[in-house]
Amino acid sequence: MNWNEIDTYVKHWLEEAGNRITASFQNELNIETKSDRNDLVTNIDKETEQYFIKNIQSKFPDHHILGEEGYGEKLESMDGIVWIIDPIDGTVNFVHQQRNFVISIGIYQNGVGRLGYIYDVVQKELYSVEAGKGAFFNGTRLAPLEEPPLSDAIIGMNATWLLSNKLVPVENLHALVRDIRATRSYGSAALECIYVATGRTDAYLTMRLCPWDFAAGKIFIEELGGVVTDVFGNSLNMLEKSSVFACKPGLHKEILDNYLLRGISK
Ligand code: 2AM
Ligand code: CA
Ligand code: CA
Ligand code: CA
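All of these numbers come straight from a predicted model, not from anything done at the bench. (Residues numbered from 1 in each chain as written. Chains lettered and ligands numbered in written order. Predicted model: local features only at pLDDT ≥ 70, side-chain atom pairs only at ≥ 80, totals over all residues.)

Which residues make up the pairing of strand 4 (residues 81–89), and what are the values?
With respect to burial, strand 4 is a largely interior element, eight of its nine residues being buried. Two strands pair when backbone bridges link them, and strand 3 (residues 64–67) and strand 4 are joined in this way by four bridges, in the parallel orientation. Within strand 4, the position partnered with Gly 67 by the bridge is Ile 85. The pairing of strand 4 with strand 5 (residues 102–109) spans seven bridges and is classified as antiparallel. If you follow Val 82 over to strand 5, its bridge partner there is Tyr 108. (Buried ≥ 20, exposed ≤ 12 C-beta atoms within 10 Å, placed from the backbone. Helix = DSSP H or I, 4+ residues; strand = E, 2+ residues; numbered from the N terminus. Pairing = 2+ DSSP bridges.)

Here's what the structure looks like:
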């Protein structure tokens, strides 16, 4: 597989798709809801996904595509080359703030992450990774992750999960929040992953994501020495919804053993 050729195309497409998105700020958005009234989708999410699919199919007709808005395929296997696309990750931010959203693309070969892209369209910040060759921020290589003590850690976490969730007892999450330095919540799973990858936060914890939310982020974090599992420590299935716990390695075990799994039989 010629990864360089794919990389060149993706970077070009990201720039063009980004320009279309920022140009759309002038126009009125068509906003619809999906699973509930806070689960938004716009015409721009759909148009951006269609833009990538049209281009990928024309250049790489034998590749498979899984996209959030459903214009790709209904995939049952990760065999071959699979592009996992979230055209706008952080749609609520896109609609309310016109910032803090990204395009996220993970490219897998037989289930193994090979290339990842997270593009902050408004800031023009491109994160890219090629597994085994390094991760980059606007072309500058990112350093391997360093471990802080738990008491100095910042964890990306949505406060909603502290109210109630079906996976981890809220008392365990309360204890974790009490023992760390701070929490943050950015409203985009891919941005949260890139914050872990760049060391701006130390972990990201969430109870329900889809593969397009974490497909790219997982490749970055693993390339830089981090660990990405569900909240029970199991590896992620790229074709299913899942909780996600992305973290630096030693801290990952410490938080799993002492907080997430405390008092739970798996
Ligand atoms: P989205 O913006 O692409 O929908 C927000 O908390 C983060 O969770 C975003 O990355 C968002 O992705 C993702 N998410 C996944 N499922 C969601 C849902 N049902 N409703 C809102 N956000 C969801
Ligand atoms: Ca969505
Ligand atoms: Ca998403
Ligand atoms: Ca999305």
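An account of the sheet that holds strand 10 (residues 154–157) is needed here, citing residue identities and associated values.
As summarised here, the arrangement of the five strands in space is 11-10-12-14-13, forming an open sheet in which the pairing is mixed. Where the open sheet ends on each side, the last strands, each with one partner, are strand 11 (182–184) and strand 13 (227–229). Strand after strand, the sheet turns through a mean of 20 degrees between neighbouring axes, direction not considered. Pairing analysis gives three bridges linking strand 13 to strand 14 (residues 242–247), with the strands arranged antiparallel. The residue bridging Val 228 from the neighbouring strand is Ala 246, located in strand 14. This element, helix 6 (residues 189–197), spans strand 10, strand 12 (203–209) and strand 14 of the sheet and lies at about 155 degrees to strand 12. (Axes fitted to C-alpha atoms, helices over the stretch in contact; angles between N-to-C directions. Contact = placed C-beta atoms within 7 Å.)

Tell me about the sheet that holds strand 7 (residues 125–130), residues and numbers included.
In spatial order, the strands read 3-4-5-6-7-8-9; together these seven strands make up an open sheet with mixed pairing. Across the chains shown, the open sheet's two edge strands, defined by having one partner strand only, are strand 3 and strand 9 (140–141). Bridge analysis of strand 5 against strand 6 (residues 112–120) gives eight bridges, and the strand direction is antiparallel. Bridging across to strand 6, Gln 109 finds its partner in Val 112.

Geometric descriptors of this kind do not, in isolation, establish any biological role.
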